[in-house]
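Structural description and commentary
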Amino acid sequence: MARVLVVDDEASMRFTLEAVLGDAGIEVESADGGASGIAAFEAHGADVVLTDLAMPDVDGMKVLEAIRVQDPSVPVMMLTAHGSERVAVAAMKAGAFDYLPKPFDPDELILSVTRAIETRRLKLENARLRTQAALGRPIIAESPALRRVLDLVARVAPKDVTVLLTGESGVGKDVLAATLHAHSKRADKPLVRFNAAAIPAELAESELFGHTKGAFTGAHAARNGYFQQADKGTLFIDEIGELPLGMQAKVLRTLQSGEVQPVGGRAEIVDVRLVVATNRDLAAEAKAGRFREDLYYRLNVVPIRVPPLRERPEDIEPLVTAFVRTYADRYGMGQVTIDQALIEAFKAHNWPGNVRELENTVARLLALTAEDHLTLALWRSLDATPQSTSRISLSDGDPGPSHPLRARVEAFERSIIASEFETAHKNQSETARRLGVSRPALIEKLHKYGLLERG
C-alpha cells in the first residue's frame, strides 16, 4: 500500500486529508508542522509528501528542501492558499511535483496524489531494473528481515553518505552495494569494486590509489587506482577489515579531504561515494588495535547489517527456484522439479556459507542428478562427497565427453572457478586459496576452461 505523509499545522485540514486519502485506500501519516514532518520522514520515509506551503517556523519550502536532500525520488506536493500561486510556481521550480489550491477538490486531490505515487513507483522500478542489469539477476527478498534492509537501502541510497555493510560471508553485501549505487544520484557513473582480501598487502596501495610510471620495479606505465576510476561514482571496498593499518590511514585521509596520493605522484582530488563491507566486528577490531578507530567512525555513518540466511527462511524457496532456473538453463536441462521435502530441509539447515553456499549446493545437485528432479534423498546422498567443487574428479571411469553427467559436472566446475576468479580480481593465488587447490592445479583448470590463455 502506498504511503503519504501529510504535513499541515491545521488539525482540521489534516483530518480532512486523512479522511479523503484513507477512503481512497492510501495509508496516511500526519505531522503537525514542518519540523515534525521532516522528522517523521527521516524516521519512516514516505512514497509522497503532501505539505502546506504556509506554516510558522518551518514552511513548506523548507520541507521541500529537506525532502529533496534526503530522497529526491519522493514527490513533494504543495497545498497553497488562494493568491499564493506565484510562490507555488517557485516551489515547482525548486523541485515540487505539483501544487493544489485550498480549498481543494477531493477528486482532484486523489488524482494528483495517485499520479505522484505512480511516478515514484516508476522511479523505483527503473532503479530496480538498473540494479538487476548490473547484477545479471533479480533481487529476491520475501522475508520481512531482508525487506527491512532493502527499505533502509532505498532510503539512504540517494543521500551521498558513506555506508558500512556488515554481515557474514555470502549474505549478499555485494548485491546491496550495487543496489545502493543504482538508487543513487551517481547511478550513471561507474561502480568500482575492490576486494581487500583478494589483493596482497604490498599491492593494495597501488591498486587503490594508483601509481606513476617508474614508481617501483615493474611500474612500466602510469595507472589510475580504484579511487580515480570511481571518480564521480561509487567505490565499493569489500572486506575492508583486511586492509593493513598503513592503508587505513590513507583511506581515512581520502575520506576527510577527497585527496588521493598515487605512489610516486602528486595528490589528486576525487569525488567518490564510498560503500564498504566486512564480515568482521570492526568496533571490536578497533578496540583491539587491529583497525583504526578514527576510520571506523568515519565509515560507520550509516551501518546496515545484512541478516544471515538462517534468519530469513522465507527467502530460501524463491532463491532455490531462481538458482534451479539459472543452472538448468546453463546445463541444458529441461524442466526441473523440486521436492517440497527438500525445500523444508533447506529451510531447517544452518547455511554457514549463506546464499553463496545455497547457490553452490543447488548447482551441485543439478550437476549430479541423473534425472530432472531434485530430492531430499539426493542431497543426503551427497553428504559423504567432497563439498569443494574443485575436488570433483572427472577422470575416474571417464564416460566420454558427450556424457550428460560429465558435461553438467564440468559446466558446474567451470562456473564456480570463473566466479571465484572474477571475485578475486583474477588473482590466481587468492582464487586457489578460496577453492582449496594448489596454484598449478588452478592454472591448469583455467586453461582447460578457456579462462586463461596459455603463455
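Throughout, residues of each chain are indexed from 1 in the direction in which the sequence is written. Note on the predicted model: pLDDT of at least 70 is required for a residue's local features to be given, and 80 or more for side-chain atom pairs to be given and counted; whole-chain, interface and lining totals, by contrast, use all residues. Remark: hydrogens and water are excluded; side-chain values derive from all non-hydrogen atoms of the structure.

**Remarks on the overall build of the protein chain**
Only DSSP runs of H or I reaching four residues or more are called helices, and only runs of E reaching two or more are called strands; each is numbered from the N terminus. Across its full length, the protein chain carries 19 helices and 14 strands. Split into buried and exposed, the 455 residues of the protein chain put 48% on the buried side. It only takes one pair of heavy atoms within 4.5 Å for two residues to be counted as in contact. For the protein chain, restricting intrachain contacts to residue pairs at least 6 apart in sequence, the fraction spanning at least 24 positions comes to 69%. Areas reported as accessible are Shrake-Rupley estimates using a 1.4 Å probe. Residue values count occlusion only from the protein chains shown. A total of about 21800 Å² of accessible surface is found on the protein chain, and carbon and sulfur atoms cover 52% of it. Of the side-chain charges in the protein chain, 55 are positive and 63 negative, and the distance between the mean point of each set is 6 Å. Classification of residues uses two cut-offs on accessible area relative to the type maximum, computed with a 1.4 Å probe and protein chains only: under 20% is buried, over 50% is exposed, and between them is partly exposed. The charge count includes Lys and Arg as positive and Asp and Glu as negative, but it does not include His or the ends of the chains. For the purpose of locating charges, the reference atoms are NZ of Lys, CZ of Arg, CG of Asp and CD of Glu.

**Let's talk about the sheet that holds strand 6 (residues 163–166)**
DSSP calls a pair of strands paired once it identifies at least 2 bridges connecting them. If you walk across this open sheet you meet the five strands as 7-8-11-6-12, and the pairing is parallel. Where the open sheet ends on each side, the last strands, each with one partner, are strand 7 (191–195) and strand 12 (302–305). The average undirected angle you get between the axes of adjacent strands in this sheet is 20°. Looking at chain direction, strand 6 and strand 12 are connected through four bridges and run parallel. Looking across to strand 12, one finds that Val163 is bridged to Val302. The strands touched by helix 6 (residues 144–156) are strand 6, strand 11 (273–278) and strand 12; relative to strand 12, the strand with the most contacts, the crossing angle is about 155°. Axis geometry follows a simple rule: fit a line to the C-alpha atoms, using only the stretch in contact for helices, then measure angles between N-to-C directions, giving values from 0 to 180 degrees.

**Remarks on helix 13 (residues 316–330)**
Here helix 13 contains 15 residues, and its C-alpha end-to-end distance of 21 Å stays within 8% of the 21 Å for a straight helix at 1.5 Å per residue. All of the buried residues along helix 13 are Ile316, Leu319, Val320, Ala322, Phe323, Val324, Tyr327 and Ala328. By this rule the span expected of a helix is its residue count minus one, scaled by 1.5 Å.

**Section: the pattern of salt bridges**
Within this document, salt bridges are pairs made up of a side-chain nitrogen of Lys or Arg and a carboxyl oxygen of Asp or Glu, the two lying within 4 Å of each other. For the structure on display, the rule yields 25 salt bridges. A salt bridge links Glu27 to Arg3, with the nearest nitrogen and oxygen atoms 3.6 Å apart. Of this pair, Glu27 sits in strand 2 (residues 27–31) while Arg3 sits in strand 1 (residues 3–7), placing them 24 residues apart in sequence. A residue is classified by how much of its surface remains accessible, and Glu27, at 36% relative accessible area, is partly exposed. For Arg3, a relative accessible area of 15% translates into the label buried. Among the ionic pairs, Arg155 bridges to Asp151, the shortest N-O distance being 3.9 Å. Of this pair, Arg155 and Asp151 both sit in helix 6, four residues apart, which is roughly one turn of the helix. Because the salt bridges share partners, they merge into one network encompassing Glu242, Arg280, Glu285 and Arg290.

**Notes on the packing of helix 2 (residues 34–44) against helix 3 (residues 60–70)**
Across the interface, helix 2 lies against helix 3 with an axial gap of 9 Å and an inter-helix angle of 15°. Relative to helix 3, the element helix 2 lies roughly parallel. Judged by the sense of rotation from one axis to the other, the crossing of helix 2 with helix 3 is right-handed. On the side of helix 2, the interface is formed by Gly34, Ile38, Phe41 and Glu42, while helix 3 contributes Lys62, Val63, Ala66, Ile67 and Gln70. As a working rule, the residues Ala, Val, Leu, Ile, Met, Phe, Trp, Tyr, Cys and Pro are called nonpolar, Asp, Glu, Lys and Arg charged, and the rest polar, with Gly in that last group. Grouping the constituent residues of the contact of helix 2 with helix 3 by class yields five nonpolar, two polar and two charged. Oblique is the label for any angle not under 35 degrees, not over 145, and not in the 65 to 115 range, which are roughly parallel, roughly antiparallel and roughly perpendicular in turn. Helix crossings are classified by the rotation of the near helix relative to the far one: an anticlockwise turn of less than a right angle makes the crossing left-handed, while a clockwise turn makes it right-handed.

**Remarks on the sheet that holds strand 5 (residues 98–101)**
The five strands are arranged 2-1-3-4-5 in an open sheet whose pairing can be described as parallel. For this open sheet the edge positions go to strand 2 and strand 5, each flanked by a neighbour on one side alone. Taking each pair of neighbouring strands and ignoring which way they run, the sheet shows an average axis angle of 20°.

**Some remarks on the nonpolar core**
Of all hydrophobic cores here, the largest spans 39 residues; its most connected members are Phe346, Leu358 and Leu366. Discounting residues that sit within four places of it in the chain, Phe346 has contacts with Ile316, Val320, Trp351, Leu358, Thr361, Val362, Leu365 and Trp379. Judged by nonpolar contacts, the second largest core, of 27 residues, contains Val192, Phe194, Tyr226 and Leu235. As used in this record, nonpolar core signifies buried Ala, Val, Leu, Ile, Met, Phe, Trp, Tyr and Cys residues forming a set joined through side-chain atoms within 4.5 Å.

**What to know about the environment of Gly25**
Looking at the secondary structure, you find Gly25 in the loop between helix 1 (11–23) and strand 2. In this structure, the C-alpha to C-alpha distance between Gly25 and Ile140, residues 115 residues apart in sequence, is 27 Å.

**Focus on the packing of aromatic side chains**
Put simply, two rings from Phe, Tyr or Trp (the six-membered ring, in Trp's case) pair if the centres are within 6.5 Å, and we call them stacked under 30 degrees between planes, edge-to-face over 60, tilted for the rest. As enumerated under the stated definition, the model contains seven aromatic pairs in all. When the ring of Phe209 is compared with that of Phe227, the centres are 5.3 Å apart and the planes differ by 20°; the resulting orientation is stacked. Here Phe209, found in helix 8 (residues 201–209), pairs with Phe227, found in helix 9 (residues 226–229); they are 18 residues apart in sequence, far enough to count as distant. Note on geometry: a ring has a charge over it if NZ (lysine) or CZ (arginine) is within 6 Å of the ring centre and within 35 degrees of the ring normal. Positioned above the aromatic ring of Tyr226 is the side chain of Arg223, whose terminal nitrogen or guanidinium carbon lies 5.7 Å from the ring centre. The aromatic ring of Phe209 is capped on one face by Lys250, whose charged end is 4.6 Å from the ring centroid.

**Topic: the pairing of strand 2**
Bridge analysis of strand 1 against strand 2 gives five bridges, and the strand direction is parallel. Across the sheet, Val4 pairs through a bridge with Val28, a residue of strand 2. Crossover handedness is defined by viewing with both strands directed away from the observer: a clockwise path from the first strand over the helix to the second marks the crossover as right-handed. Following the chain from strand 1 across helix 1 to the adjacent parallel strand 2, one finds a crossover that is right-handed.

**Quick look at helix 2**
For helix 2, the full list of buried residues reads Gly34, Gly37, Ile38, Ala40 and Phe41. Projected onto a plane normal to the axis of helix 2, the buried residues spread over an arc of 160° and lie on a single side. Positioned one or two residues after helix 2, Gly45 has a phi angle of 70°, which is positive. The arc under discussion is defined with respect to the helix axis, by the directions toward the C-beta atoms.

**Here we look at the confidence of the model for the protein chain**
Scored between 0 and 100, pLDDT is the confidence that the predictor attaches to each residue. The pLDDT averaged across the protein chain works out to 86; a share of 93% of its residues lies at or above 70. Within the model, the stretch residues 384–402 combines pLDDT values under 50 with 27 contacts to residues more than four positions away or in other chains.

**Notes on the side chain of Glu359**
Summarising the element assignment, Glu359 is placed in helix 15 (residues 354–368). Relative accessible area serves as the criterion here: at 16%, Glu359 is assigned to the buried category.

**Details of unusual backbone geometry**
Note that the residue after Lys102, namely Pro103, is joined by a cis bond; omega there is -5°. As for its position among the elements, Pro103 is in the loop between strand 5 and helix 5 (106–135). Located in the positive-phi region is Trp351, a residue other than glycine, with phi close to 50°. Counting through the fold element by element, Trp351 comes out in the loop between helix 14 (340–348) and helix 15. Non-glycine residue Asn354 carries a positive phi angle of around 60°. Mapped onto the secondary structure, Asn354 falls in helix 15. Classification of Asn354 by relative accessible area gives buried; the value is 0%.

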